[in-house]
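Letter by letter, the chains look like this.
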Amino acid sequence: MSYFTEAQSAEAVNARLGADIDPRLDRIMRSLVTHLHAFIKDVELTGEEWATAIDFLTATGRICSAERQEFILLSDVLGASMLVDAINNRRPDKATQNTVLGPFHVAGAPVREMGASICLDGGGEACLFEGMVTDIAGQPIAGAEIDVWSDNADGFYDVQQPGVQPQWNNRGRFLTDKDGRYAFIGIKPVSYPIPYDGPVGQMLEATGRHPWRPAHTHFIISAPGFDRLVTHTFVAGDAWLESDAVFGVKAPLIVDYEPTPDAATPWRCAFDFVLAPAHA
Ligand code: BEZ
Ligand code: FE
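1. Here we look at the packing of helix α3 (residues 47-62) against helix α6 (residues 199-206)
At step 1: Axis separation between α3 and α6 bottoms out at 9 Å; the angle between their running directions is 140 degrees. The angle between α3 and α6 places the two elements in the oblique class. Residues Phe56, Ala59 and Thr60 of α3 form the contact with α6, whose own contacting residues are Pro199, Val200 and Met203.
At step 2: Looking at the contact of α3 with α6 residue by residue, the class counts come to 5 nonpolar, 1 polar and no charged.

So, in C-alpha cells, the structure goes:
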C-alpha cells in the first residue's frame, strides 16, 4: 500500500474501491476519479477556483425545486444531455433522430381529435402540423401516439406562467389514423432563452455564451414495438440554429415552414416521423 501523492493521486483513491462492489459502479467510479484528477492536474486548479466550483454547485442545488431542475439545465448547456442521448439512441440512418427532452414536458396532456388545435390562448401565428408516422421501410404506423408541446407566442411554456396561460396551452396528444397520418393546429414557434436567472445563466454569461434556443416544437412519438422517439422540429432560417444553447439541433430536424393562402392558418409544417424498431 502507498500513501496519497500528487503523482499517484487517482490510483490512491481507486485502490479504496471495495472488491465486491457492482462491476458497473466500479467502472464508473474508477473512470470518474481518473478523469477528475487528470482535469485538476491539467489546469493546476487553485484552492480558490475549487471553492468557486463548490459554491457554484451548491447554488445549483439550492435553486432546484419541484418546478425547476438547474442540474439538468447544467447538463444541457455542457452538452452532456445530448451526448448521453446520442450514445443511448444510435439509430438506423433512415430513422428520425432524437434530441434533448428539456425540462418542460408534462406527462398526461389531453388527448385531442385529429385536426384539433392545441393553442388555447389564441396567440401566435396558427400553423397546420401534418404528416405520417412510419417504420424505416416506409410502412405507416397506425395508432402511434404523438405527444406535442411548444412555447407560446411570447416564448414561454404554460408551466412557466401558471395563472397567465391556460393549463395545457400548446400541448396535446394525438393518435395517427389507419394510414399513419396525423394533423393538428399549433403555432409557428418562436425562439426563446432557457432560464438564465440562476447559476447556469451566470456561467453562460461568464463564458461568453448566450442562452437562446432556436424556435422548435417538441414531440414524443411512441408505438408498441418501436423505439420511443424524443425529438423536435426546428424552424428553418432561425437565427439561433447554429448556436443552440443546449446543442439540440440536428440538420434533418430543420423544417421549411410553408406559407398558406388560408388566413386562419397561415403556416404549414409538414414532417414525417420514422420510428426505429425497439432495441433490446
Ligand atoms: C426546451 O427546449 O424546452 C429546453 C431544453 C433544454 C433546456 C431548457 C429548455
Ligand atoms: Fe423547448
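Moving on from the model shown.
2. Comments concerning the coordination of the iron ion (ligand 2)
At step 1: In this structure, Tyr157 (OH), Tyr192 (OH), His216 (NE2) and His218 (NE2) serve as the protein donors to the iron ion (ligand 2), at separations of 1.9 to 2.1 Å.
At step 2: Each of the 6 donor atoms bound to the iron ion (ligand 2) contributes to angles spanning 54 to 166 degrees, and the resulting shape is irregular.
At step 3: Site description for the iron ion (ligand 2): donor spacing in sequence, Y-x34-Y-x23-H-x1-H. Within this pair, whereas Tyr157 is found in the loop between β2 (145-149) and β3 (171-175), its partner His216 is found in strand β7 (residues 216-222), the two being separated by 59 residues in sequence.
At step 4: Residue classification places Tyr157 among the buried positions, given a relative accessible area of 0%.
At step 5: Since its relative accessible area comes to 0%, His216 is described here as buried.

3. Describing the domain arrangement of the protein chain
Often the size quoted for an interface is simply the accessible area lost on bringing the parts together.
At step 1: For the protein chain, the assigned domains are domain 1 (9-45) and domain 2 (75-275).
At step 2: Between domain 1 and domain 2, the C-alpha centre-to-centre distance is 38 Å.

4. Section: the sheet that holds β7
At step 1: As summarised here, the arrangement of the 5 strands in space is β3-β2-β7-β8-β9, forming an open sheet in which the pairing is mixed. Because the sheet does not close on itself, it has two edges, and the strands there are β3 and β9 (254-255).

Here is what the cut-offs are and how they apply
Residues numbered from 1 in each chain as written. Chains lettered and ligands numbered in written order. Predicted model: local features only at pLDDT ≥ 70, side-chain atom pairs only at ≥ 80, totals over all residues. Heavy atoms only, no water. Axes fitted to C-alpha atoms, helices over the stretch in contact; angles between N-to-C directions. Helix = DSSP H or I, 4+ residues; strand = E, 2+ residues; numbered from the N terminus. Parallel < 35°, antiparallel > 145°, perpendicular 65-115°, else oblique. Contact = heavy atoms within 4.5 Å. Nonpolar A, V, L, I, M, F, W, Y, C, P; charged D, E, K, R; others polar. Donors = N, O, S within 2.8 Å, 3.2 Å for Na, K, Ca; no water. Tetrahedral: all angles 85-135°; square planar, octahedral: opposite > 155°, others 65-115°. Buried < 20%, exposed > 50% of the residue type's maximum accessible area, 1.4 Å probe, protein only. Domains from an automatic or database assignment. Pairing = 2+ DSSP bridges.

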